[in-house]
Amino acid sequence: DWLSIAHALRIEIGLEVRAGMLDADRAKEVYFARLEKFDDDDGFLKAVPRRTGRKEQPVTYVISLNIPQRQAGPILLSGNSRLRVMGRSKLPQEVTFSLAARNHDRTVMGRFGVARRVESTFDIEIPISDLRELGKKTSAVGLEAFVFDCFVDKPGLKLTHVELVTSEE
């Protein structure tokens, strides 16, 4: 779920008032003081719970982003590209970061991912060459990306930035 920074700050300040950490009379002043530190379009994606399969299956927390196809052409995954992900996790945990990708004629499709341990505030870069088809050894290099996903087993994951970075070599 996308939360704008304005909405997130309202929630945060409301929790501080209820916990007695902030005086209700000062809440509006504190809100605007914090809000001016951010751009209008700042915010974050919050992992939402999903159950895959039957009721006895564990809940998985998912963040999913469609990657828009550009007029200049598809988003090709090269061997010298990296996936940069920034965010926060309430708990230390392992996150599976993945890209759904396909070849140009769509005869090859798959989800390519890798697990990384994150905690608190994180900023990680994952070489595209590290992404492997889930359950297989096939690489994502040379394919077109169309969806970014990440999966965790515990609540509390928020992403603030996702970017595909290409190095010119």
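Residues numbered from 1 in each chain as written. Predicted model: local features only at pLDDT ≥ 70, side-chain atom pairs only at ≥ 80, totals over all residues. Heavy atoms only, no water.

Student: What is the right way to look at the overall build of the protein in this model?
Tutor: A tally of helices and strands in the protein yields two helices and nine strands. When the helices and strands of the protein are placed in sequence order, the string is β-α-α-β-β-β-β-β-β-β-β. Burial analysis of the protein (169 residues in total) assigns 36% to the buried set. Pairs at least 24 residues apart make up 70% of the contacts formed inside the protein by residues separated by at least 6 positions. (Helix = DSSP H or I, 4+ residues; strand = E, 2+ residues; numbered from the N terminus. Buried < 20%, exposed > 50% of the residue type's maximum accessible area, 1.4 Å probe, protein only. Contact = heavy atoms within 4.5 Å.)

Student: Looking at this structure, I do not really get the environment of I63. What am I missing?
Tutor: Mapped onto the elements, I63 comes out in strand β4 (residues 59-66). Note on I63: relative accessible area 3%, which makes it buried.

Student: Help me understand the pairing of strand β8 (residues 144-152), please; the structure alone is not making it clear to me.
Tutor: Side chains on a regular strand alternate between the two faces of the sheet. With respect to burial, β8 is a largely interior element, seven of its nine residues being buried. Bridging between β4 and β8 involves six bridges; their strand directions are antiparallel. The partner of L65 across the bridge, within β8, is F148. The pairing of strand β5 (residues 81-102) with β8 spans seven bridges and is antiparallel. Counterpart to A101 in the pairing with β8 is A145. (Pairing = 2+ DSSP bridges.)

Student: Would you mind going over helix α2 (residues 27-35) with me for this structure?
Tutor: Each α-helix winds once per 3.6 residues, and so residues spaced three or four apart point in a common direction. Here α2 has its buried residues at A27, V30 and Y31. Along the long axis of α2, the arc covered by the buried residues comes to 105°, so they all point the same way. Within α2, the exposed residues directed more than 90 degrees away from the buried face are K28 and E29. (Arc of directions from axis to C-beta.)

Student: I keep staring at the nonpolar core and nothing clicks. Help me out?
Tutor: Side chains of a nonpolar character, in soluble globular proteins, are inclined to be buried together. Of all hydrophobic cores here, the largest spans 26 residues; its most connected members are V85, F97, F122, L131, F148 and C150. Elements represented by at least two residues in this core include exactly β4, β5, β6 (109-127), β8 and β9 (157-166). Apart from residues no more than four positions distant in its own chain, F122 is found in contact with V85, M86, G87, R88, S89, F97, L157 and L159. (Core = buried A, V, L, I, M, F, W, Y, C linked by side-chain atoms within 4.5 Å.)

Student: I keep staring at the packing of aromatic side chains and nothing clicks. Help me out?
Tutor: Aromatic ring pairs are reported here in terms of the distance separating the ring centres and the angle at which the planes meet. Going through the model one piece at a time under the given rule, you end up with zero aromatic pairs. Sitting above the plane of the F146 ring, R102 keeps its charged end 4.2 Å from the centroid. (Phe/Tyr/Trp six-rings, centres within 6.5 Å; stacked < 30°, edge-to-face > 60°. Lys NZ or Arg CZ within 6 Å of the ring centre and 35° of its normal.)

Student: I'm lost on the environment of V162 in this one. Help?
Tutor: With respect to the helices, strands and loops of the structure, V162 is situated in strand β9. Judged by relative accessible area, which is 30%, V162 ranks as partly exposed. For the pair formed by V162 and D123, sequence separation is 39 residues and the distance between their alpha carbons is 9.8 Å. Leave out the neighbours within four places in its chain, and V162 touches L65, L83, R84, V85 and F148.

Student: So what exactly am I meant to see when it comes to the pattern of salt bridges here?
Tutor: Pairing between side chains of opposite charge can happen when the charged atoms of each approach one another. Applying the stated criterion across every chain, the model contains five salt bridges. Here E29 ties to R26 by a salt bridge, and the two come within 3.8 Å at their closest N and O atoms. Note that D149 is salt-bridged to R111, the shortest N-O span being 2.2 Å. Of the two residues, D149 is situated in strand β8 and R111 in strand β6; the sequence distance between them amounts to 38 residues. Judged by its relative accessible area of 4%, D149 falls in the buried class. (Salt bridge = Lys/Arg side-chain N within 4 Å of Asp/Glu carboxyl O.)

Remember that the coordinates give geometry; whether it matters functionally is a separate question.
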